[in-house]
Amino acid sequence: MTTLPDATLSSALSNSVMFRTYQEAFERATGLSLDLLGLDEIATERSESGNPFCALMNRTDRACETCHVLQRKLAEESKVQPKTLKCFAGLCETAVPVLVGETLIAFLRTGKVLVETPNHSQFTKIAEELRRLDANADLKTFEEAYYKSRVLTAEQYEAMVRLLSIFSTDLAACGNQLMLRRSAQDDLPIIRAKLIIADTFRGELPLRDIAKRVGVSTTYFSMLFKRTTGLNFIDYVARLRVEEAKNLLQNPKYRIREVAYAVGFQSLSQFNRTFRRVCGASPRAYRLTLNSLNVSVSSPSGMWNAAIPA
């Protein structure tokens, strides 16, 4: 697994209409906050999530550091798959990685919620830790705040995390498209090259031919393309072909081999390798995932199984 060093992609995703729309719907439905954080942000950004107990914790340096330790551990353990951790007070916090293939680009974070109804016996143990963290802590105020914490059943919380995992695949697809479009400062030769590539990527596409058509040397074009887009020429074309393949895979009448050749790959093995690198799954597994999720919302588990657009 690799990580993307700059924060521009995660920032673009967090400001996208897709994320903002989903965030609003998620928060209204669950009463929990949802953040999309970059790789450096998840371990440092405070997350009170509307929880009054957490808000009190953040007022005390030692208590606040306890929360940050948990968040750093969460960031470390959720780089490949969703991870939920509990703090000493029993509040759950979850991070879901957003992966473009094997590249980690961001995290979805939510939580600060209990999965058991709070009681006096539990808070007595929590109070001991609060005294250790802050001898002057107003335990009565903390207790009142603790009982105001959002409570979900374990099954509800698990379903919510699964929903976020499904949404992360949509964000990953959006992230891949953004990687292809990172061209706000494109030089004119690259603008022209992208238009040519968009029309011809399904066939043979030698780099030297594109460079010649935009009027620059092969060496300069290769350097300029990587500097401008953040991707080398071969990787850019491969991602463009994979995006087209994802659209075709939604149609069951096309065999995987037919899809591979239709989008410009020279062999099925090359297609499988590239698709797995970009999407984190084989074309067959991707198609099976689409089929398993594309069910009627009237099914017993329909609220969690809405169709995912590729």
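Residues numbered from 1 in each chain as written. Predicted model: local features only at pLDDT ≥ 70, side-chain atom pairs only at ≥ 80, totals over all residues. Heavy atoms only, no water.

(A) Inspection of the packing of helix α8 (residues 188–200) against helix α9 (residues 207–214) at higher detail. Where α8 meets α9, the axes come as close as 9 Å, and the angle between the chain directions of the two elements is 130°. Considering their axes alone, α8 and α9 lie oblique with respect to each other. The crossing of α8 and α9 is right-handed. Contact residues: P189, R192, A193, I196 and T200 in α8; I210, R213 and V214 in α9. Here the residues of the contact of α8 with α9 sort into five nonpolar, one polar and two charged. (Axes fitted to C-alpha atoms, helices over the stretch in contact; angles between N-to-C directions. Helix = DSSP H or I, 4+ residues; strand = E, 2+ residues; numbered from the N terminus. Parallel < 35°, antiparallel > 145°, perpendicular 65-115°, else oblique. Left-handed = near helix turned anticlockwise from the far one by under 90°. Contact = heavy atoms within 4.5 Å. Nonpolar A, V, L, I, M, F, W, Y, C, P; charged D, E, K, R; others polar.)

(B) Looking closely at the packing of aromatic side chains. Within this structure, the stated rule accounts for 13 aromatic pairs. A ring pair is formed by Y22 and F167, whose centres lie 3.7 Å apart and whose planes are at 5°; its orientation type is stacked. Highlighted residues: Y22 in helix α2 (residues 17–30) and F167 in helix α7 (residues 154–181), separated in sequence by 145 residues. Across the pair, exposure class does not vary: Y22 and F167 are buried alike. Consider the rings of F221 and F225, whose centres lie 5.6 Å apart with planes at 45°: the pair is tilted. Separated by four residues within a single helix, F221 and F225 lie in helix α10 (residues 218–229), roughly one turn from each other. Take F221 and F225: they sit in the same class, and that class is buried. What links up through ring pairs into an aromatic cluster is the set F53, F123, F142, Y146 and Y147. The cationic tip of R241 hangs over the ring face of F265; the distance from NZ or CZ to the ring centre is 5.9 Å. (Phe/Tyr/Trp six-rings, centres within 6.5 Å; stacked < 30°, edge-to-face > 60°. Buried < 20%, exposed > 50% of the residue type's maximum accessible area, 1.4 Å probe, protein only. Lys NZ or Arg CZ within 6 Å of the ring centre and 35° of its normal.)

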